[in-house]
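Structural description and commentary
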Amino acid sequence: MLVLTAADVRAVLDMPTAMETTLEAARAHVAGRTSASGRVALSTAAPAGDYLVMPGTVGDDRFGVKTWYTASHGGARSTRALVLVLDPETGDEVLMDGSVITDLRTGAMTGIAATHLAPPDASVATVIGAGAQARTQALALAVALPGLTTLRVTSRTAPRRDALVATLTRELAPYGIEVVGVDDTAVACRGADVVVAATTSSSPVVRQEWLGADVLVCGVGSHAPGAAELDPRTVAAAEVVAVDTRAGGIDGAGDISRPIADGLLRRQDVLELGELGARELPRSGIRVFKSAGFAAADVTAGHHVARAARAAGLGLRIDLHGPAT
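Throughout what follows, the structure given in this document is the object of discussion. (Residues numbered from 1 in each chain as written. Predicted model: local features only at pLDDT ≥ 70, side-chain atom pairs only at ≥ 80, totals over all residues. Heavy atoms only, no water.)

Attention shifts here to the nonpolar core. In this structure, M96, L141, L145 and L151 are the most contacted members of the largest nonpolar core, which totals 68 residues. Of all the elements, helix α3 (residues 99–117) adds the most residues to this core, at nine residues. If we ignore the near neighbours within four places in the chain, the residues touching L141 are T110, A114, A125, V127, L148, V194 and V196. Ranked by size, the runner-up nonpolar core spans 24 residues in total, among them V195, V205, V217 and I250. (Core = buried A, V, L, I, M, F, W, Y, C linked by side-chain atoms within 4.5 Å. Buried < 20%, exposed > 50% of the residue type's maximum accessible area, 1.4 Å probe, protein only. Helix = DSSP H or I, 4+ residues; strand = E, 2+ residues; numbered from the N terminus. Contact = heavy atoms within 4.5 Å.)

The structure is reproduced here in structure tokens:
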């Protein structure tokens, strides 16, 4: 077995590459070349923890499984992910940190959506949230939107917001993007060409009255049927509504499922990520993209990481299945 740390994964997976592997997975999904048994959600009471297990295949030969969890141990709460893939040629097992993959592929989905749905001259974007997901959302927008000049960051936790602003100021300097912190979410949203919600909120943090007439709104944080970061009126008013997959973005999150249940939107009108680019879509009005994650994106990224890390001589090899003594 080859074991790859987070540093190993970062060494061979950046945002442009994550966008390539995620787009490959999204297109394979809509072409019927992926399979997944569905996300298995489990929990424990002591220690308090939530766990998600997501197995999947891509094409005829690639298998992988991701396990994500958040749990409290010794008074500290941690969130981690692991990805396991099998080399289709050798059968070699590759176990890697999955947090880097999760953050990058989630950002990559927004980047792909922005490529097809953002205003063509988009120059101002807003990210709501200040965690790891918010950072990679910003990185993806920088890659996807060549005209982006200003990134606004807003969060209910000012110290975390300010820390993220400092980090992104360094990381986005090569793109010539100014990063500014904004106290008020409504103010941060006004006039933005792209608004991304990357929070843990179960109730809307984006409201239609804060938005301009021509904007792409993305929700990436909530991933439970009873939770929604986007208000139903925003979704109902959208010219285009897209999700990563219908199983995840509709059935796995309340942002889209609630408007459908209320008769504000038809399920058959919701596009999947892999369908974007297949035909001309409106690039004006409100457009909405919701992602909840899908196993094929993790599997495709994981197989890229495994190949690239092996070629670079990265990782630690252990004899996991050696004879017992």
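Back to the text.
What follows deals with unusual backbone geometry. The omega torsion across A46 and P47 is 0 degrees, close enough to zero to call that bond cis. One can find P47 in the loop between β3 (40–44) and β4 (49–58).

Quick look at the packing of α3 against helix α10 (residues 295–312) now. Here α3 crosses α10 at 120 degrees, and the two axes come no closer than 10 Å. Taken as axis vectors, α3 and α10 run oblique relative to one another. For the pair α3 and α10, the crossing hand works out as right-handed. For the pair α3 and α10, the contacting residues are I101, T102 and R105 in the first and A297, D298, A301, G302 and V305 in the second. (Axes fitted to C-alpha atoms, helices over the stretch in contact; angles between N-to-C directions. Parallel < 35°, antiparallel > 145°, perpendicular 65-115°, else oblique. Left-handed = near helix turned anticlockwise from the far one by under 90°.)

Moving on, we get to the pairing of strand β6 (residues 76–86). As judged from the eleven bridges shared by strand β5 (residues 62–73) and β6, these two strands associate in the antiparallel manner. Note on β6: the bridge partner recorded for Y69 is R80. Between β5 and β6, which pair antiparallel one after the other, the connecting turn spans two residues, and G74 there sits at a positive phi close to 65 degrees. The pairing of β6 with strand β7 (residues 93–97) spans five bridges and is antiparallel. Bridge pairing in β7 places L82 opposite D97. Hairpin connection from β6 to β7: six residues lie between these consecutive antiparallel strands, with G91 at a positive phi of about 80 degrees. (Pairing = 2+ DSSP bridges.)

Another point: the layout of surface pockets. Its volume calculated, the second largest pocket comes out at about 370 Å³. Taken together, 18 residues line the second largest pocket, and the ones lying closest to its centre are A36, G38, T245, A247 and F294. Within the residue set of the lining of the second largest pocket, elements represented by two or more residues are β2 (34–36), β4, α8 (246–250) and α10. Of the residues belonging to the lining of the second largest pocket, the class tally is eight nonpolar, nine polar and one charged. (1 Å grid on protein atoms, 1.4 Å probe; cavity = no way out; pocket = protein on both sides within 12 Å on 5 of 7 lines; lining within 4 Å. Points joined across faces, edges and corners; volume = space filled by probe spheres on them. Nonpolar A, V, L, I, M, F, W, Y, C, P; charged D, E, K, R; others polar.)

Quick look at the pattern of salt bridges now. All chains considered together, the criterion is met by 20 salt bridges. For D92, the salt bridge is made with R310, and the minimal N-O distance between the two is 3.7 Å. One end of the pair, D92, is in the loop between β6 and β7; the other, R310, is in helix α10, with 218 residues separating them in the sequence. Exposure remark for R310: the relative accessible area of 31% places this residue in the partly exposed category. R161 is the partner of D162 in a salt bridge, and the nearest nitrogen-oxygen pair spans 2.9 Å. Exposure remark for D162: the relative accessible area of 40% places this residue in the partly exposed category. Three or more residues joined by partner-sharing salt bridges are found here, namely D87, D92, R310 and R317. (Salt bridge = Lys/Arg side-chain N within 4 Å of Asp/Glu carboxyl O.)

Most of strand β15 (residues 286–290) sits out of view: five of its five residues are buried. On β15, burial covers both faces: I286, V288 and K290 on one face and R287 and F289 on the other are all buried. Note that strand β12 (residues 215–219) and β15 share five bridges and pair parallel. Opposite G219, over in β15, you have K290 as the bridge partner. Across four bridges, the pairing between strand β13 (residues 240–243) and β15 is parallel. Within β15, the residue paired with V240 across the bridge is R287.

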